[in-house]
Amino acid sequence: MQTLQTTSLRVADNQLFILDQQALPQEKRWLDASSVEALVGHIHSLRVRGAPLIGLSASLLLALLAEKGARRDELVAALAILRASRPTAVNLMNNLDRMKLALDEADFVPALVAEALRLIDEDKQLCNAIAKAGSALVKPGSRLLTHCNTGGLATAGVGTALGVIARAHQEGNVTNVWVDETRPLLQGGRLTAWELGELGVPYQLITDSMAASLMAKGQVDAVWVGADRIAANGDVANKIGTYSLAVLAKFHGIPFYVAAPHTTLDRDCPNGEAIPIEQRAASEVTGVAGSFGAVQWAPENAQVYNPAFDVTPASLISGWVLDTGVVTPKEVAEGRFA
Ligand code: MRU
């Protein structure tokens, strides 16, 4: 396969590498992800993460394995393992459905390579289209609040919600970005803060519990988040903590926007209750770990509840900003996603 480079994916010498998102921002470390075991391990540990990026990395790996001579039945088995590696983000399943169609072709090796490269190219274009549609909603002088990481690290392009924010900043309309640190894995504090710094966008990092008082003081003009799955009724699964922001935004009369590519839509999923929510290890809550080391502050045998995502009901969402344009609550209520 041709050499390829995005913010956090690299194909070189027929090997797949991922930028270790657990080591950032202290260290910029690229890890080999050229086997199913390696990539699944990186997905489980969130070294590669973000709904679009997970699907793209799995698709690239299948194409590379095919080029290296893997048999069709081996690729079918690899696809099934990759598909099960993270349950909530539907982009993974949507991308792999397309890879499966390529795998069904008689000449499946070039078909898989072409499809994986097409998915990467499409994702870049989807991100640009989302940024264009979303930035039109950002008013001059905006102070925006975002959660988790939805930027170039999480996609092949400029990102989803963060792509909107970056473009709105280029257009001169963003005064400040409040960045939720996003416990437990700190994607906001580690990754979004780093990306905004690189882009030269002014931001202030806050702990998740600070959003309410900022809103009460009139310091937040809009909330922008990404999505891991959008159900047919408009309910949205996204990083844990998103739902509480939506409730707060509604209470304070602040617009709450979800930005995502159409690959995040799951028309077969009727509502948020049907979205599988990944439960994760207790150690993520009892302490923190990164390239700086690991520390545990909770008692050794503390019982923990750790869902990685929550569901925001459609009734709390002001607009779904897709690559195809802005979808309104009225359109969603009339069945636009069904
Ligand atoms: O667990 P993560 O870090 O993969 O969760 C990521 C999010 O929740 C993002 O908001 C979502 O995947 C959209 S990324 C463009």
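Located above this text is the structure these notes cover.
The model shown is predicted, which means the values in this text are computed figures rather than measured ones.

A. Expanded view of the sheet that holds strand S9 (residues 229-231). If you trace the four strands from one edge of the open sheet to the other, you get S12-S9-S10-S15, paired in mixed fashion. Only two strands of the sheet have a single partner each, and these edge strands are strand S12 (265-266) and strand S15 (309-312). Two strands pair when backbone bridges link them, and S9 and strand S10 (residues 236-239) are joined in this way by two bridges, in the antiparallel orientation. Paired with Ile 230 across the strands is Val 236, a residue of S10. In the packing of helix H9 (residues 242-252) onto the sheet, the strands contacted are S10 and S15, and the crossing angle to S15 comes to about 30 degrees.

B. Representation of the pairing of strand S16 (residues 319-322). Burial along S16 is two-sided: Gly 319 and Val 321 facing one way and Trp 320 and Leu 322 facing the other are all buried. Pairing of strand S11 (residues 256-259) with S16 involves three bridges; the strand directions are parallel. Bridge pairing in S16 places Val 258 opposite Trp 320. Strand direction decides the pairing type here: S16 and strand S17 (residues 325-327), joined by three bridges, are antiparallel. Bridge pairing in S17 links Val 321 to Val 326. Linking two consecutive strands that pair antiparallel, namely S16 and S17, is a turn of two residues.

C. Quick peek at the packing of helix H2 (residues 51-67) against helix H3 (residues 72-83). At a minimum axis distance of 11 Å, the contact between H2 and H3 shows a crossing angle of 165 degrees. Overall, the two elements H2 and H3 adopt an arrangement that is roughly antiparallel. Considering only the axes of H2 and H3, their crossing is right-handed. Taken together, the residues of H3 that come into contact with H2 (itself represented by Ala 58, Leu 61, Leu 62, Leu 65 and Ala 66) are Leu 75, Ala 78, Leu 79 and Leu 82. Of the residues assigned to the contact of H2 with H3, the class counts are nine nonpolar, no polar and no charged.

D. Fine view of the side chain of His 42. Here His 42 is to be found in helix H1 (residues 36-44). Not counting residues up to four positions away in its chain, the partners in contact with His 42 are Ile 18, Leu 31, Asp 32, Ala 33, Arg 47 and Val 48.

What counts, and at which threshold
- Residues numbered from 1 in each chain as written.
- Predicted model: local features only at pLDDT ≥ 70, side-chain atom pairs only at ≥ 80, totals over all residues.
- Heavy atoms only, no water.
- Pairing = 2+ DSSP bridges.
- Helix = DSSP H or I, 4+ residues; strand = E, 2+ residues; numbered from the N terminus.
- Contact = heavy atoms within 4.5 Å.
- Axes fitted to C-alpha atoms, helices over the stretch in contact; angles between N-to-C directions.
- Buried < 20%, exposed > 50% of the residue type's maximum accessible area, 1.4 Å probe, protein only.
- Parallel < 35°, antiparallel > 145°, perpendicular 65-115°, else oblique.
- Left-handed = near helix turned anticlockwise from the far one by under 90°.
- Nonpolar A, V, L, I, M, F, W, Y, C, P; charged D, E, K, R; others polar.

Remember, this is a structural readout, not a statement about activity or role.
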